[in-house]
Amino acid sequence: MDLRYTTALVVAACCCSAAAQDINLSAEAQAARNYPFSPDENRLLDEVQRGCFDYLWNEVGQPAGLVRDRLTADVSSVAAVGFQLSALPIGVERGWVSRRDAEQRAKTILRALIDERGNKKYGIYLHFVDQDSAQLKTDAPEVQTSTVDHALLQSGAIPAAVYFGGEVRELVDRLISDANWRAYAREGDQLLTFGWRSQSSQTLNADGKLVKWVWHIAGAEEALCYLHAVGAPNPQHALDARVAYQLKRKLGRHDALPPYVVTWNGAMFTYFFDHCWIDYRRYQADDPSKLGGQGPRVHWFENTRRAFVTHRQRCTEKSPELLTLGRNRWGLGPCMGLNDKQQPGYLVPESVPNHSGNDRWHNGTVAPYVTAAALPFMPKETLAALREMKKLKDKQGRPLVWRSPTEGGYGFLDSFNLEQDYAPEDYIGINVGPMLLLIENARSGLVWDLFHQHPHVRRAVERLGWQER
C-alpha cells in the first residue's frame, strides 16, 4: 500500500482517541536540552549563524533599513523584519556588530514602520512593504494586511525591546498596544482571520473586508497569533483565551513512531516557527479542558520534536526514490527551487501525517534552514546533516549549497537538489531568520530568555493558563 495512505489511515485512527493521548515531555527532549556542543560543532554553528546574520544585516533598504524578503526581490516582508529585529541582540552578543550600531538599526526600522500610517489597518501590518520607506508597495506580491506576518513582526520585536530598552522598548510597546486583534476576529466564534484586503491596491484607506480564511488548526503560526491576541494590553483589542483552545488538535503518526498533533499541510515550519521565541520547556503540557476546549494535553516542545523525528524518518525511507534525500540529507520546507517543469519557482511541500492527506516532495529538494531549525530538538542528527550538506559538491566539484561568510557569502543557500545538480543563488528572510534564532536558542537560549521577560508575553502566558514546570 502507498505510504501516503498508510499514514493517512493512522491519522484518522488516532484522531478518534485524541483526548486519551496526552503528549508529555520525553527523556529525549530533556537530553536535547543538555547536549554538550563540542568546539568543532560550535565553530560550525558560528559559521552558519554568521552567514544568516550577515544577510539580515546587509540586505536592507535605505533609509528604512528593512531586510529584503528575498535576495533577488526589492520588497520587504514584515515577517522577515521580525527575524531581523531578533537577530540584533545575537549579533551584539556574538561580537559581529556593536551594541550602538545594532540599537540604532532597531530604532531606524521601528520608526519607519510605526510612523508610516499607510502600512497598517487596525494596527496590523501589511504582509509586504517597501524596503526603503516601509510604505505600501503597490506592485508587491500581495497588498493585504496579515495577522500571521504581524505576529512574526511583533514576536521578533520583543527581544529587541527587552535587550536595548529605551526608545526601542517604547516603540515596540506602541506597536503591541496599537494591534487590534479583535478587529480581525470572525463574527461568532471569534477565530482570527488571515487578514484584511483593500479593494484598491493603491491604498488601505479604501473599502475592504476581512479575508474569509481563519486560523483554526493548532500549529506554530496559530500559536503566535493567538498568544499576541490573547495578551493584547487593551481589553478592547484582546481575544478571550478560550478562543485559542478551540483550535483543532488532530493526532497523527507514522508507523510505530510516537503520535503528535499535526498541522494542515505538515510542512515543518508549521511546527517550529513559534519555537523561535516561545520556550515551551518552561511550561507543563497545556490543558484545553480548563478553558472549554477539547483534545489532548500537549507539551509543544515534545510535539515538535516528534514531528522532526518523523520527518527525518520519512525522508530517509524516501531516499531510494529521491536521491537527494538521505539519513543526513533531510529538511523539506517552502523554498526556492526547480519545479516539476524544471523552472525556478517557489516550492511548498506537504508531508503526511497532516490534515490535507497530501504528500508533495518536489523531487526531494532540501531546504537547509529546516534542518538547522531542528537543532534544539535533535542536535546530534542535525549537526551530522549540516556537516554533510556543507561538504556537498556540484558536478564541477564546487561547493553546491555552501557560500562561506569569510568570502562574502551568507552560508547555506535556500535549497539544493542533487539529482538536478541545482542550488538557487538565493536567500529568503523568513528562512534565514529561523535558522539563526533556533541555533542561538539551542546554544544559549538568548532569544527565549529575552522574549519571556516582556510583560506582554507574561500577561499572555497567564491568560492562557500555562503552568510553569
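One can find the structure itself at the top, above this paragraph.
Cut-offs and rules
Residue indices follow the written sequence of each chain, beginning from 1 at its first position. The predicted origin of the model limits local features to residues at a pLDDT of at least 70 and limits the giving and counting of side-chain atom pairs to 80 or more, whereas totals for whole chains, interfaces and linings rest on all residues. Side-chain measures were taken over the full set of non-hydrogen atoms in the model, leaving aside hydrogen atoms and water. Pairing of aromatic side chains requires ring centres within 6.5 Å, counting the rings of Phe and Tyr and the six-membered ring of Trp. Pairs whose planes differ by under 30 degrees are stacked, by over 60 edge-to-face, and all others tilted. Runs of H or I in DSSP of at least four residues are treated as helices and runs of E of at least two as strands, each being numbered from the N terminus. Think of it in three bands: with a 1.4 Å probe and only protein chains considered, a residue is buried below 20% of the maximum accessible area for its type, exposed above 50%, and partly exposed in between. When the NZ atom of lysine or the CZ atom of arginine is within 6 Å of a ring's centre and also within 35 degrees of its normal, the charge is said to sit over that ring. Salt bridge criterion: a side-chain nitrogen from Lys or Arg within 4 Å of a carboxyl oxygen from Asp or Glu.

Asks: In this structure, what is going on with the packing of aromatic side chains? I would like to understand it.
Replies: Summed over all chains, the structure comprises 22 aromatic pairs. Ring centres of Tyr55 and Tyr410 lie 5.6 Å apart, and the angle between their planes is 85°; this geometry places the pair in the edge-to-face category. Placement of the pair is Tyr55 in helix H3 (residues 39-58) and Tyr410 in the loop between strand S12 (402-403) and strand S13 (411-412), with a sequence separation of 355 residues. The pair Tyr55 / Tyr410 is uniform in exposure class, with both members buried. Residues Tyr280 and Trp466 carry aromatic rings whose centres are separated by 5.6 Å and whose planes lie at 50° to one another, so their mutual orientation is tilted. One end of the pair, Tyr280, is in the loop between helix H10 (269-272) and helix H11 (300-318); the other, Trp466, is in the segment after helix H16 (455-464), and 186 residues separate them in sequence. Both residues of the pair, Tyr280 and Trp466, belong to the buried class. One aromatic cluster is present, formed by Phe83, Phe269, Phe272, Phe273, Trp277, Phe301, Phe308, Tyr369 and Phe377 through successive ring pairs. A cation over an aromatic ring shows up here: Arg99 above the ring of Tyr163, its NZ or CZ 4.5 Å from the ring centre. Stacked on the ring of Tyr122, the Lys or Arg Lys121 has its end atom at 5.4 Å from the ring centre.

Asks: Can you help me understand the pattern of salt bridges in this one?
Replies: Once their charged atoms are close, side chains differing in charge can pair, the charge on each being opposite to the other. If you walk through the whole model with that rule in mind, you get 31 salt bridges. For Glu41, the salt bridge is made with Arg387, and the minimal N-O distance between the two is 3.9 Å. You can see Glu41 sitting in helix H3 and its partner Arg387 sitting in helix H13 (residues 379-391), a full 346 residues away along the chain. Take Glu41: its relative accessible area is 10%, and that puts it in the buried class. As a salt-bridge pair, Asp74 and Lys137 come within 4.0 Å of each other at their nearest N and O atoms. Pair noted here: Asp74 is in the loop between H3 and strand S1 (76-77) and Lys137 is in the loop between strand S4 (128-129) and strand S5 (144-146), with a separation of 63 residues, a long-range link. The class of Asp74 is partly exposed, set by a relative accessible area of 46%. Look at Lys137 and you get buried, because its relative accessible area is 13%.

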